[in-house]
Amino acid sequence: YQYILNRSPHFSFCQRFSFLDISLFSIDNSNMDYDFLIVMGIVLFAIVLLFGFFFKDEFFRTKKKKKQRKEKDRGKIIKSANKKLALNPRDPDAIQALAELYFREGSWEQAFKHYSILIDLCPLHPSLDEYEISLHYGIAAVQLKHYEEAYKALLVAKNINAAGFQLNFNLG
């Protein structure tokens with residue numbers, strides 16, 4: 001057994017730590033120093049506790065900052081979009097910004113309303129992504145239980161890109 005332990009490259013680390021007097025691979029565990037293992041376990045546990053105690057505030061502050069940043073971003077998006085819409089009530093960039101904001105928040109009624117306007121604007125503005133607009137319009141319609149409109153919008157999206165996961169999930 002000792003011959004395998006000394007010759008095997010996988011167990012060579014045991015020779016390096018032989019000064020600890022811990023025989024991990026011996027059948028006779030009477031030489032194992034259990035007090036040393038208990039002390040090392042307690043020290044490791046204390047280090048983990050101290051690390052968690054000192055850095056928990058950083059974790060929670062980061063979440064709080066992200067939430068505040070999202071609220072500020074939301075306000076900026078709405079303010080910017082409203083300025084653009086005051087100048088041009090059919091501004092596709094402003095309507096799309098609001099539609100995406102409401103879609104991410106799960107405000108389905110507002111998202112549905114804005115995406116329906118965008119669907120009408122798609123033929124006039126080739127820069128608009130008709131697939132994404134139709135897909136999100138269809139998903140919002142499903143959430144509002146407007147199944148006929150959802151089906152139509154999702155079929156339009158399927159004609160553009162039939163391989164989309166969200167599309168196929170919502171079509172069933």
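Above this text sits the structure in question.
In this text the structure is predicted, and so the values were computed from the model without any measurement.

Visitor: Which parts of the structure should I look at to understand the overall build of the protein chain?
Guide: The helix and strand tally for the protein chain stands at eight helices and zero strands. Along the protein chain, helices and strands appear, N-terminal first, in the series α-α-α-α-α-α-α-α. Across the 172 residues that make up the protein chain, the buried fraction comes to 24%. Expressed as a percentage of contacts within the protein chain between residues at least 6 apart in sequence, the contacts between residues at least 24 apart total 33%. By element, 61% of the accessible surface of the protein chain is carried by carbon and sulfur atoms, the whole surface being about 12900 Å².

Visitor: Explain the nonpolar core to me, please; I cannot follow it from the model alone.
Guide: If you look at the biggest cluster of nonpolar residues, it comprises 29 residues, and the most contacted ones within it are L98, Y115, L118, L128, I133, L135 and L167. Contact partners of L128, with chain neighbours within four places excluded, come to P92, Q96, L118, L121, C122 and I133.

Visitor: Any chance you could explain the side chain of Q96 here in plain terms?
Guide: Topologically, Q96 is positioned in helix α4 (residues 92-105). Each residue touching Q96, except ones within four places of it in the same chain, is listed here: L118 and L128.

Visitor: Would you explain a nonpolar patch on the surface in this entry?
Guide: Among the surface-exposed residues, L50, F51, F53, F54 and F55 lie close enough to one another that they form a single nonpolar patch of about 590 Å² accessible area. By secondary structure assignment, the location of F54 is in helix α3 (residues 34-87).

Visitor: Which parts of the structure should I look at to understand the packing of aromatic side chains?
Guide: When we look at a pair of aromatic rings, we describe it by the centre distance and by the angle of the planes. Throughout the structure, instances matching the rule amount to four aromatic pairs. Between F165 and F169 the ring centres are 6.1 Å apart and the planes differ by 25°, which places this aromatic pair in the stacked class. Placement of both F165 and F169 in helix α8 (residues 165-171) is noted, with a separation of four residues, approximately one turn of the helix. For F165, a relative accessible area of 67% corresponds to the exposed category.

Visitor: Explain helix α6 (residues 130-143) here, please?
Guide: It helps to recall that an α-helix has 3.6 residues per turn; residues three or four apart then point in one direction. Between its first and last C-alpha atoms α6 spans 20 Å; for 14 residues at 1.5 Å apiece the expected length is 20 Å, and the two agree. Across the 14 residues of α6, ten count as buried, placing the element largely inside the fold. Looking at α6, one finds that the buried residues are Y131, I133, S134, L135, H136, Y137, G138, I139, A140 and A141. Tucked inside the fold, the buried residues of α6 contact α4, α5 (108-121), α7 (147-160) and α8. K145 sits one or two residues past α6 and shows a positive phi near 65°.

Visitor: How do you make sense of a negative patch on the surface when you look at a structure like this?
Guide: On the surface, E100, D129, E130 and E132 cluster together into a negatively charged patch. The topology assignment puts D129 in the loop between α5 and α6.

Each value, and the rule that gives it
Residues numbered from 1 in each chain as written. Predicted model: local features only at pLDDT ≥ 70, side-chain atom pairs only at ≥ 80, totals over all residues. Heavy atoms only, no water. Helix = DSSP H or I, 4+ residues; strand = E, 2+ residues; numbered from the N terminus. Buried < 20%, exposed > 50% of the residue type's maximum accessible area, 1.4 Å probe, protein only. Contact = heavy atoms within 4.5 Å. Areas by Shrake-Rupley, 256 points an atom, 1.4 Å probe, with all protein chains shown as cover. Core = buried A, V, L, I, M, F, W, Y, C linked by side-chain atoms within 4.5 Å. Patch = residues over 30% accessible without salt bridge, like charges linked within 9 Å, V, L, I, M, F, W, Y side chains within 5 Å. Salt bridge = Lys/Arg side-chain N within 4 Å of Asp/Glu carboxyl O. Phe/Tyr/Trp six-rings, centres within 6.5 Å; stacked < 30°, edge-to-face > 60°. Expected span 1.5 Å × (residues − 1). Lys, Arg positive; Asp, Glu negative; His and termini not counted. Charge placed at Lys NZ, Arg CZ, Asp CG, Glu CD.

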